[in-house]
Structures are given as structure tokens and as C-alpha cells.
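Structural overview
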Amino acid sequence: MRSIRLLPVLLLALPVLLFALAGPAIPAGTVIPIKLDTGLNAKKDQAGKKIEGSVMQDVDLPGGGKISARSKIVGEVVSVGKPSDLDATLVLKFDSIQEHDHTIPIKVAVLAIASLGDVAAAQEPVDGVADAEASTQWVTKQVGGDIVHRGRNKVASDEGVIGTWVEGSSVVMKLTEDATLGCPTGPGYDREQALWVFSSRACGTYDLGDTRIEKAGREAPVGEIELKSPNKLEMRGGSGWLLITAEGSQK
């Protein structure tokens, strides 16, 4: 009889228990900086090709918890338009983050993409004195222009101090809206975010020739990112991507 009386209590507690097991939600507007380990080539790639990258900085979540650095992000090439067409095009999407022993489904848009070379440059001192001082004292330049003063734990732009250097190549600051860049805005601009090697105004492509972001993935079909180039569309593994969740999901 006692077990029967406890049943309603257990049923009421079940949703709370399941939420606790699933972990905190990943709200729309959460920035996820990644290094894409897979190369992309519109001349050679086919629809269905698997792509994989790594989260490059701990991503703290508003409700508590985090997406851990070094978690894997996976996705696939959706379609390819060959260079013989008017423009070379490549559509891709990221499906999930694989963290520890569980998988987090996601739909993300892209804010900015930087070449392997620009990612590397953002992690080197601007004054070329890497051998003369500790890396914790370097001054570096983010992709997009912000300056990191590691010795003072600060990130600065023309407007003054805008963020904090954490460690290594990790920074935390708010995204900055800039209508002149033509990049869409939405949720996520009201809180500090993990931006890795990118600036607060990072938008579009950097050091990728004529390749541009034709569709960022915010509009239907949500999560599908379209890249386009009038010439060859090719990207080496190691490029940096500043992603932002287009829809909330349960971690």
C-alpha cells in the first residue's frame, strides 16, 4: 500500500529528475568557437561527407554548466555546386556536439570563418618578441581587430576595454552589433561569450579569398550554412569558425 501511495510523488518528481540527468539547456544565441579539422573543397567534396571539429574554449551556459573545450562537433556536407557552375557553392550543417559520454543535438548559424593562417596569427605576439617574454605577457591581435593585453587580462578595441583574457587563446566578451558590416544579430548579445581568437565584431570571412558566407544558417532551413565563391571554394583543415546556436537545445 505504501508503494502505491508513493507512486504519484515519484511521477511528479520524474520530469525534474530527467532534466537533472539531461543537464542545463543550451539557449539560442550561445556562441561556440570551433576549429574545423576537416578540409572543404567544392571541386572534390560530395553531399554526405562527414565533417568534424573541436570546441576551442569552455562555453559557460547561463543556466549553469558548460560545453567543455575539446568536445567534438560533427556534421555533414548537405550539397555541393561545382566550380563549373556560375558560382562554386557548398552547403553544410553541424548536427551535434559529442561531450564526454553523451551527444548534444544542435542547430547553429555562423558568424565568422577565419583561415588556418589567420587563426595562427591571432595566437602570436604582434611585436614579434615571442622568445623574449612569457606568453602570459604577450599582446596579440584577434581575428577582426581587437587587441589582447594578456599581462593585464584585458581585451581592447577603439572603444576601450571590452573583454577579458582568460588563458591561452581564450577570451570572454560580449558580441558587438555593427550594422555597417551587414551581419544579422539576435539572441546572445546581452551576455559575455567565449570568442576564442575572434573579435567582438567578427563577421564574415577572413583570409579566404573570394569565399563568402551566402547564408549564415539563421533562416529556413535553420542550421544550413551556405558558402559561395566565384572561383574555387577550398578551405584547409584548421580553419576557425565562430558558431552561434540558432535554436535552443537540451544538453
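Read on for an overview of the structure. (Residues numbered from 1 in each chain as written. Predicted model: local features only at pLDDT ≥ 70, side-chain atom pairs only at ≥ 80, totals over all residues. Heavy atoms only, no water.)

Focus on the pattern of salt bridges
- Overall, the coordinates contain eleven salt bridges when judged by the stated rule.
- We note a salt bridge from Lys35 to Asp37, for which the minimum N-O separation is 2.5 Å.
- Judged by relative accessible area, Asp37 falls into the partly exposed class, the value being 34%.
- Here Glu76 and Lys50 are joined by a salt bridge, their closest N and O atoms 3.4 Å apart. One end of the pair, Glu76, is in strand S7 (residues 72-81); the other, Lys50, is in strand S4 (residues 50-55), and 26 residues separate them in sequence.
- Under the relative-accessibility criterion, Lys50 is labelled exposed at 60%.
- If you follow the salt bridges from partner to partner, you end up with Lys35, Asp37 and Lys72 in one network. (Salt bridge = Lys/Arg side-chain N within 4 Å of Asp/Glu carboxyl O. Buried < 20%, exposed > 50% of the residue type's maximum accessible area, 1.4 Å probe, protein only. Helix = DSSP H or I, 4+ residues; strand = E, 2+ residues; numbered from the N terminus.)

Brief notes about the nonpolar core
- Core analysis: the largest hydrophobic core is formed by 32 residues, its most contacted members being Ile34, Leu40, Leu92, Phe94, Leu227, Trp241 and Leu243.
- The set of elements that each furnish at least two residues to this core consists of strand S2 (31-36), S4, S7, strand S8 (88-99), strand S10 (108-114), strand S19 (225-229) and strand S21 (239-245).
- Counting residues per element, this core draws most heavily on S8, at five residues.
- Among all residues touching Leu227, those that are not within four sequence positions of it are Leu40, Ala88, Thr89, Leu90, Ile113, Thr211, Arg212, Ile213, Leu233, Met235 and Trp241.
- Membership of the second largest hydrophobic core comes to 23 residues, among which are Leu175, Leu195, Val197 and Tyr206. (Core = buried A, V, L, I, M, F, W, Y, C linked by side-chain atoms within 4.5 Å. Contact = heavy atoms within 4.5 Å.)

Some thoughts on the layout of surface pockets
- Estimated volume of the second largest pocket: approximately 260 Å³.
- Elements with a minimum of two residues in the lining of the second largest pocket: strand S5 (59-60), strand S14 (160-167), strand S15 (170-174) and strand S16 (192-194).
- Top contributing element to the lining of the second largest pocket by residue count: S16, with three residues.
- Tallied by class, the residues present in the lining of the second largest pocket amount to five nonpolar, five polar and four charged. (1 Å grid on protein atoms, 1.4 Å probe; cavity = no way out; pocket = protein on both sides within 12 Å on 5 of 7 lines; lining within 4 Å. Points joined across faces, edges and corners; volume = space filled by probe spheres on them. Nonpolar A, V, L, I, M, F, W, Y, C, P; charged D, E, K, R; others polar.)

Bear in mind that shape data such as this cannot, by itself, settle questions of function.
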